[in-house]
Amino acid sequence: MDSPHDLRDWIALLEREGELVHIAAEVDPHLEITEIVDRTVKSGGPALLFERPKGSEHPLLINQFGTERRMCLGFGVESLDDVGKKLQDVLELQPPEGLREKVSGLLKLKEIAGSRPKEVRSGPCQEVVLTGDDADLDLLPIQTCWPGDAAPFITLPAVITKDPRTGGRNVGMYRMQKIDRRSTFMHWQIHKDGRMDYLATEGRLDVAVAIGLDPVTAYSASAPLPKHVDELMVAGFLRGGAVELVKAKTVDLEVPANAEIVLEGYVQAGDEGAEGPFGDHTGYYTAPEPFPVFHLTAMTMRRDAIYASIVVGKPPAEDAWLGKATERIFLPAIRMSVPEIVDYDLPVAGAFHNCVIVSIRKTFPGQALKIMHAVWGLGLLSLTKCVVVVDDFVDVHDYEEVFFRVTANVDPKRDILLSEGPVDHLDHAPERQFVGGKIGIDATHKLPEEGAREWPPEIEMTDEVKVLVDSRWAEYGLQSPSARDAS
């Protein structure tokens, strides 16, 4: 199953799969669309194409990522773990030992090389070119999502910059608060690569913003990749075809040729203003803070361009499945760093950076403590406030089972680790911004060397009795499922 190669392709697939609803009524991007979308997301409903957003001629697509099924459709896979396995093949490339391994390795390297972005002379994203006073953000149905938001926000952009020192490209998803028809704020948080490019800038930094991409390329802008890894190359690899790029009209950058809308412009070192408040994925409004100003120099579009948006807020929101995709896709990379990890879960209710549940193959005393510190040293997982460690036989996605292990296996005096470290830019709970407390909970079975008394056996029925009851279930006249059906 191939993944879509542009937004039109993706919309057509959603329609064929019964995953898209067209809304012909005029609907206001100021709050009204948010309330519709929030109810739809929380009920597991479809993607929505608002054909007549009030005040704009451009349709608005939203909730395209709002379910696991749609995320899988977007990646062209049966399971999000399949995407992780594909990435694992790349991560595990080792020097070949024999002819077969050499051939296999060369084929894989060829596939990776073929995934590099490809520059083309022209693309649909520049069918309409607006410069000077014609470049106008008022043309777009930019949403004011929540009543306390300071202004309308662009919420699903792929923001493209180049490192002023190395020339390496960065693509990130950073919200943009509209200031007026020709400028926005650029929400480059302290831990993000876009912020690093800005801080390295002594004068002007060119910026391009792509809106309305194929689902894999849009996702790649949110992926927590190392700074030296090109997000567009990863997108090409995962979707099975290179991302085509065209030169922007007014800035020295390349932009996705099949984007629906591209905003071109720049930020100037030291040119900042108070951005926010904004109703964020934490479920709270983030307070105003200084952020750089993005100045619009051009707007290019496809004919009849479609504006793509997303609403974040109290979880679950649409970004839940963007986060879950990251969780599944990057499990192999995490295992490479910490091999004893079996699985992990980032609870949606924990806004992804507040809690991590990790299962491990435990072989020595103190291993859970090692895992806690390892998690606090892994990229953006370093911002995690709470790490819960369980044994390999525990399903980390079953929160009831995890809570059972936490209450059954934890002696708070022995098994709770309190520490301190960096926390998410948006976390309002710590006394100081960016730095706060950490808690680790060791909910594994304890070894004698860890100060435990003899660990009691768990209660389990014998296999023979389970088989007997399965075979006789119809005789009992009960409506509830058999034990085997329930497991």
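Residues numbered from 1 in each chain as written. Predicted model: local features only at pLDDT ≥ 70, side-chain atom pairs only at ≥ 80, totals over all residues. Heavy atoms only, no water.

A. Representation of empty space enclosed by the protein in the model. Enumeration according to the criterion identifies four cavities of 30 Å³ or more in this entry. Of the volumes computed, that of the largest cavity is approximately 60 Å³. Along the walls of the largest cavity sit Gln64, Leu156, Pro157, Ala158, Met173, Ala210, Ile211, Gly212, Leu213, Ala218, Ala221 and Ala308, which together make up its complete lining. Of the residues contributing to the lining of the largest cavity, the split by class is 10 nonpolar, two polar and no charged. (1 Å grid on protein atoms, 1.4 Å probe; cavity = no way out; pocket = protein on both sides within 12 Å on 5 of 7 lines; lining within 4 Å. Points joined across faces, edges and corners; volume = space filled by probe spheres on them. Nonpolar A, V, L, I, M, F, W, Y, C, P; charged D, E, K, R; others polar.)

B. Examining the packing of aromatic side chains more closely. Evaluation of the coordinates by the stated rule reveals five aromatic pairs. Here the aromatic rings of Phe153 and Phe278 are separated by 4.5 Å at their centres, their planes lie at 45°, and the arrangement is tilted. In this pair, Phe153 sits in strand 6 (residues 153-154) while Phe278 sits in strand 16 (residues 278-279), placing the two residues 125 residues apart along the sequence. Take Phe278: its relative accessible area is 3%, and that puts it in the buried class. Seen from their ring centres, Tyr174 and Trp188 are 6.4 Å apart, and the 85° between their planes marks the pair as edge-to-face. Here the residue Tyr174 occupies a position in the loop between strand 8 (169-172) and strand 9 (176-180), and Trp188 occupies one in the loop between strand 10 (183-185) and helix 6 (193-199), the gap between them amounting to 14 residues. Accessibility classification places Tyr174 together with Trp188 in one group, the buried group. Joined through ring pairs, the aromatic side chains of Tyr174, Trp188 and Tyr198 make up one cluster. The ring of Phe237 has Lys86 sitting right over it, with the charged end atom 5.0 Å from the ring centre. (Phe/Tyr/Trp six-rings, centres within 6.5 Å; stacked < 30°, edge-to-face > 60°. Helix = DSSP H or I, 4+ residues; strand = E, 2+ residues; numbered from the N terminus. Buried < 20%, exposed > 50% of the residue type's maximum accessible area, 1.4 Å probe, protein only. Lys NZ or Arg CZ within 6 Å of the ring centre and 35° of its normal.)

C. Representation of the confidence of the model for the chain in the model. Scored by pLDDT, the chain has a mean of 91; 93% of the residues are at 70 or more. Under a pLDDT of 50 for its full length, residues 92-107 has, in the predicted model, seven contacts with residues more than four places off or in other chains. (pLDDT = per-residue confidence, 0-100. Contact = heavy atoms within 4.5 Å.)

D. Representation of the environment of Gln189 within the structure. Summarising the element assignment, Gln189 is placed in the loop between strand 10 and helix 6. The buried category is assigned to Gln189, whose relative accessible area is 9%. Sequence spacing of Gln189 and Asp424 is 235 residues, and the spatial spacing of their C-alpha atoms is 9.1 Å. When neighbours within four sequence positions are excluded, Gln189 is seen to be in contact with Arg195, Phe291, Asp424, His425 and Leu426.

E. Spatial organisation of the side chain of Glu254. Position of Glu254 relative to the elements: it lies in strand 13 (residues 254-256). Reaching out from Glu254, the side chain makes a polar contact with the side chain of Lys162 at a distance of 3.4 Å. Those residues in contact with Glu254, other than ones at most four positions away along the chain, are Glu119, Ile160, Lys162, Arg169, Leu245, Val246 and Lys247. (Polar contact = N/O pair within 3.5 Å; in protein donor to acceptor, adjacent residues only side chain to side chain.)

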